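Given next are the chains, with one letter for each unit.
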Amino acid sequence: MGLNSTPMGERVHIGFFGRRNAGKSSLVNAFTNQNLSIVSDVKGTTTDPVYKSMELLPLGPVTIIDTPGLDDEGDLGNLRIKKCMEIVRKVDIAILVIDCGEGISEEDIKIYEMLRDRNIPTMLVMNKSDKYPDFKLFKHEKIDIPAKNILYVSAINGVGIEELKNRVAASMPEDKEEREIIPSDIGEGDIVVLVIPIDSSAPKGRLILPQQQVLRGLLDKGAIPVSCRDTELSVTLDEKGIKPKLVITDSQAFAKVNEVVNGRFPLTSFSILMAKYKGDYEWQLKGASAIDELNDGDKILIAEGCTHHRQCEDIGTVKLPKWLKEFTGKDLVFEYCSGLEFKDEDELPSYKLVIHCGGCMLNEREMKYRVELCKEKGVAVTNYGMAIAKMKGILDIVV
Ligand SMILES: Nc1nc2c(ncn2[C@@H]2O[C@H](COP(=O)(O)OP(=O)(O)O)[C@@H](O)[C@H]2O)c(=O)[nH]1
Ligand SMILES: [Mg+2]
């Protein structure tokens, strides 16, 4: 992530879908004005999704995703289709690319229905219009889509690309900007204490994403953030006499911070705020009580949105399993997944409980999908902060 860039989880995700060779990669290149995807007439050239962040006016920061074709064959093909499905569930806007000469296939209809069922605004883009002078005659009635969402373009000569950008910008879901990570009762002039432990697992020289986001959110509202480590919290509250409207701590320090706060001020954590911000909060809250029902041999999935985060890793693979074993006294089995991969619907029911990170690297759609899938499969799901609060006996205090 660059110094000035918007975090991936906050960007509008735009996915390019369609069969192999429809011209998805060529269109992504034309759309972004960059040659970032390999284009070729060999089917299956794009084997992994390609991500590209850019500014798309008037939309703002977006992430463009080029996908492998959904009509892949064979074992490797199935794997790619699975990857493609992982992308379908996180895009905010979809572009379904059709080769004018090939027309609409069964696979295209399948993809379209999948997108429609998920209420994802979709543009049907008939590509390679340069090759077909009578392209407007190509039929698309196999797909029931409003005319304003159909475009004839050419990735080769650029016809229709600007129009495509404008329409994509216009199809932006309206509620996207309204979410706020800061609780609504915090406003101008309110002091909020942020407790940020700096231990060996904290990244060198910087703050992690949820901390940055909360800090920025408070400044946006004209609130007054006061930051300190857990070791200085007592000085801050008792000696300096700071009286915050809210204390927000890293959940790992919950027990210690709760002792110092001692009921004087409302207390919550960065990860709990994150769960309220994206994901089904009430359901995750309920999920925390499943910890009481764990038994010997139960499988627990610890899921992280990022792959390279030392702090999360440490808490996910070391501290949480240790605390859970101590708290329950049971012989539990832990499994882990990270990054963009999550267990699919066949694997998920074998788990008794899923404990997810705050998901600062995942967008809202992806986070909601994961919680929803657990819900559908009857698997309890909660997040790091709530699980820790539950085990420290302060869940009702901090949510
Ligand atoms: N004539 C023409 N060819 C195109 C157009 N877009 C892509 N192609 C060609 O179609 C082939 C497949 O393109 P590619 O972007 O790799 O397709 P993908 O598999 O969907 O990513 C390549 O040979 C491209 O040069 C277009 O608008 N017009
Ligand atoms: Mg491609």
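Nothing here was measured: the structure is a model prediction, and the numbers come from that model.

Caption draft 1: Representation of the overall build of the protein chain. Secondary structure summary: the protein chain contains 13 helices and 14 strands in total. Residues classed as buried in the protein chain amount to 41% of the 399 residues present. Sequence separation of at least 24 residues holds for 75% of the intrachain contacts in the protein chain that already meet a minimum separation of 6.

Caption draft 2: Broad picture of the pairing of strand β3 (residues 60-66). With 5 of its 7 residues buried, β3 lies for the most part within the structure. Relative to β3, strand β1 (residues 12-18) runs parallel, the two sharing 5 bridges. Paired with I14 across the strands is I64, a residue of β3. One ladder, built from 7 bridges, connects strand β2 (residues 50-56) with β3; its direction is antiparallel. Opposite S53, over in β3, you have T63 as the bridge partner.

Caption draft 3: Spatial organisation of the packing of helix α9 (residues 281-288) against helix α12 (residues 384-391). Orientation of α9 relative to α12, taken along the N-to-C sense of each, is 35 degrees, at an axis distance of 9 Å. α12 is crossed by α9, and the crossing has right-handed handedness. Each of Q284, L285 and A288 in α9 lies in contact with α12, whose residues at this interface are M386, A387 and K390. Considering only residue class, the contact of α9 with α12 consists of 4 nonpolar, 1 polar and 1 charged.

Caption draft 4: A look at the sheet that holds strand β9 (residues 246-249). With parallel pairing, 4 strands are arranged side by side in an open sheet as β8-β7-β9-β10. Of all the strands in the sheet, just β8 (224-228) and β10 (267-269) have a single pairing partner and so form its edges. When the angles between neighbouring strand axes are averaged without regard to direction, this sheet yields 25 degrees. Docked against the sheet, helix α5 (residues 209-220) engages β7 (191-195), β8 and β9, running at close to 170 degrees with respect to β7. In the packing of helix α8 (residues 270-277) onto the sheet, contacts are made with β9 and β10, and the angle to β10 comes to roughly 75 degrees.

Caption draft 5: Local environment of the sheet that holds strand β13 (residues 353-356). Within the open sheet, the 4 strands sit side by side as β12-β11-β13-β14. Their pairing is parallel. Edge positions in the sheet fall to β12 (333-338) and β14 (380-383), since each of these pairs with one other strand and no more. Averaged over all pairs of adjacent strands, the angle between their axes in this sheet comes to 20 degrees, without regard to strand direction. With 4 bridges joining them, β13 and β14 adopt parallel strand pairing. Across the sheet, the residue bridging to L353 is A380, located in β14. Here α12 sits on the sheet and contacts β13 and β14; the angle it forms with β14, its principal contact strand, is near 90 degrees.

Caption draft 6: Up close: helix α3 (residues 106-117). For α3, which comprises 12 residues, the first-to-last C-alpha distance of 16 Å matches the rise-based estimate of 16 Å (1.5 Å per residue) to within 8%. Every buried residue of α3 is accounted for by D108, I111, Y112 and L115. The buried side chains of α3 occupy one side of the element, clustering within an arc of 100 degrees when seen end-on. Counted as exposed and oriented over 90 degrees from the buried face of α3: E106, K110, E113 and D117. N119 occupies a position one or two residues after α3 and carries a positive phi of about 60 degrees.

Caption draft 7: Fine view of the nonpolar core. In terms of nonpolar packing, the biggest core is built from 60 residues, with I248 and L353 touching the most fellow members. Per-element accounting of this core gives the leading share, 6 residues, to α8. In this structure, this core is formed jointly by two domains, domain 2 (191-273) and domain 3 (278-398), each of which donates at least three residues. With residues up to four places along the chain from it excluded, the contact list for L353 reads A290, I291, L294, I300 and A380. The next biggest cluster of nonpolar side chains, apart from the first, holds 39 residues, and it includes I14, C100, M126 and V153.

Caption draft 8: Representation of the packing of α8 against α12 in the model. Two numbers describe how α8 lies on α12: the axes approach to 7 Å, and their chain directions differ by 130 degrees. Comparing their axes, α12 and α8 come out oblique. Judged by the sense of rotation from one axis to the other, the crossing of α8 with α12 is left-handed. The residues of α12 that touch α8, namely those facing S271, I272 and A275, are Y384, G385 and M386.

Caption draft 9: Fine view of unusual backbone geometry. Of note in the backbone geometry, K128 takes a positive phi value of approximately 70 degrees without being a glycine. By secondary structure assignment, the location of K128 is in the loop between β5 (122-127) and β6 (150-152). Note on K128: 23 C-beta atoms within 10 Å, which makes it buried.

Reading the values: the criteria
Residues numbered from 1 in each chain as written. Chains lettered and ligands numbered in written order. Predicted model: local features only at pLDDT ≥ 70, side-chain atom pairs only at ≥ 80, totals over all residues. Helix = DSSP H or I, 4+ residues; strand = E, 2+ residues; numbered from the N terminus. Buried ≥ 20, exposed ≤ 12 C-beta atoms within 10 Å, placed from the backbone. Contact = placed C-beta atoms within 7 Å. Pairing = 2+ DSSP bridges. Axes fitted to C-alpha atoms, helices over the stretch in contact; angles between N-to-C directions. Left-handed = near helix turned anticlockwise from the far one by under 90°. Nonpolar A, V, L, I, M, F, W, Y, C, P; charged D, E, K, R; others polar. Expected span 1.5 Å × (residues − 1). Arc of directions from axis to C-beta. Core = buried A, V, L, I, M, F, W, Y, C linked by C-beta atoms within 7 Å. Domains from an automatic or database assignment. Parallel < 35°, antiparallel > 145°, perpendicular 65-115°, else oblique.

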